[in-house]
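The chain contents come next:
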Amino acid sequence: LVVGVADDGEGFAVRAFAEQFGPEGGYGLVSAEAQMRAVGGSLTVESGRGRGTCATVTLPLQPQN
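Residues numbered from 1 in each chain as written. Predicted model: local features only at pLDDT ≥ 70, side-chain atom pairs only at ≥ 80, totals over all residues. Heavy atoms only, no water.

Asks: I would appreciate a short explanation of the overall build of the protein in the present structure.
Replies: Tallying secondary structure elements over the protein gives 2 helices and 3 strands in all. Reading the secondary structure of the protein in the N-to-C direction produces β-α-α-β-β. Every one of the 65 residues in the protein was classed for burial, and the buried ones make up 20%. Taking as baseline every contact in the protein between residues at least 6 positions apart, the subset at least 24 positions apart corresponds to 52%. (Helix = DSSP H or I, 4+ residues; strand = E, 2+ residues; numbered from the N terminus. Buried < 20%, exposed > 50% of the residue type's maximum accessible area, 1.4 Å probe, protein only. Contact = heavy atoms within 4.5 Å.)

Asks: Just checking my understanding: could you explain the pairing of strand β2 (residues 42-47) for this structure?
Replies: The side chains of a regular strand alternate, first on one face of the sheet and then on the other. Bridge count between β2 and strand β3 (residues 53-58): 6 bridges; the pairing is antiparallel. Among the inter-strand pairings, Val45 is bridged to a residue of β3, identified as Ala55. What sits between β2 and β3 in their antiparallel hairpin is a turn of 5 residues, with Gly50 showing a positive phi close to 80°. (Pairing = 2+ DSSP bridges.)

Asks: Could you clarify how one ought to interpret the side chain of Thr53 in this entry?
Replies: With respect to the helices and strands, Thr53 occurs in strand β3. With relative accessibility at 17%, the residue Thr53 sits in the buried group. In this structure the side chain of Thr53 is engaged in a polar contact, spanning 2.8 Å, whose partner is the side chain of Ser47. Non-local contacts of Thr53, meaning those with residues more than four positions away in its chain, are made with Val5, Ala6, Asp7, Gly11, Phe12, Val45, Glu46 and Ser47. (Polar contact = N/O pair within 3.5 Å; in protein donor to acceptor, adjacent residues only side chain to side chain.)

Structure (structure tokens):
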């Protein structure tokens, strides 16, 4: 299963948020990515200042053994 969500908003520096924990941001992406990996899936976030954001979640349809 692949689900993608995109917007044309401000965007953000993904790397800066993916490497930090705290109320300013980052914890949600790190947590979501870890949860997707735990069930055999993945989370990809592409963004940049001034160019919007695209997030894609990929999950297996069959349970992982």
